[in-house]
Amino acid sequence: MPDWTTSTLRWSRAPGPMADGNWTAAAYIDEWADDRQMQALGAIVTGAAGGPMTMVAPMIGTNLGAKKASTGYQICSKKRSVEIRGLRPWSGEGACLHRTCRRYEGR
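> How would you summarise the overall build of the protein if you had to cite specific residues and measurements?
Counting its regular elements, the protein contains two helices and seven strands. Put simply, the protein runs from its N terminus to its C terminus through helices and strands in the order β-β-α-α-β-β-β-β-β. Per-residue burial over the protein gives 27% buried out of 107 residues. Long-range pairs, those at least 24 residues apart, make up 55% of the contacts in the protein with a sequence separation of at least 6.

Structure below.
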C-alpha cells in the first residue's frame, strides 16, 4: 500500500468557547501506520512540523499526544461520523460538501 493511505483523526475539546483556548487534544493515527508515518503524522497534527497547525498549537492546553488506533469515518451528505476503537463514536452535521455517501476505514 502507498504511504498516503494512512488516516489521521484529530480530536479536540475545549472547556468553554474554542477561541478562549485551553483545549485538550489528541491525534489518533491508523493502526496500520509504521513508525516513520507515526512520527511524521504526529509532528504534523501537533504543529511541530510547521505549517497551518502552528496557528492551532497555542490553543492547546493539554496535548494527549498521538496514538495508534483502529479508525474509520463516514461522510454522507451533511452528516459526518467518526469511529475510534475504545472511544465513544461521534457524529454531527455541517456544510454539504459531498453529494454521495462514502465510508473510510484504515487500509
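> Just give me the short version of the confidence of the model for the protein, but keep the residues and values in it.
Looking at the protein as a whole, its pLDDT mean stands at 77, while 77% of the residues score no less than 70. The low-confidence segment residues 1-5, where pLDDT is below 50, has four contacts with residues more than four positions distant or belonging to other chains.

> A description of the pairing of strand β4 (residues 71-76) should follow, citing residues and the corresponding values.
Bridge count between β4 and strand β5 (residues 79-84): six bridges; the pairing is antiparallel. Bridged to Gly 72 within β5 is Glu 83. Hairpin geometry of β4 and β5 is characterised by an intervening segment of two residues between the two adjacent antiparallel strands and by a positive phi of about 55° at Ser 77.

> So, the environment of Gln 74: which residues are in play, and what are the values?
Note on placement: Gln 74 falls in strand β4. Considered as a pair, Gln 74 and Ser 91 are 17 residues apart in the sequence and their alpha carbons are 9.1 Å apart.

Conventions and cut-offs
Residues numbered from 1 in each chain as written. Predicted model: local features only at pLDDT ≥ 70, side-chain atom pairs only at ≥ 80, totals over all residues. Heavy atoms only, no water. Helix = DSSP H or I, 4+ residues; strand = E, 2+ residues; numbered from the N terminus. Buried < 20%, exposed > 50% of the residue type's maximum accessible area, 1.4 Å probe, protein only. Contact = heavy atoms within 4.5 Å. pLDDT = per-residue confidence, 0-100. Pairing = 2+ DSSP bridges.

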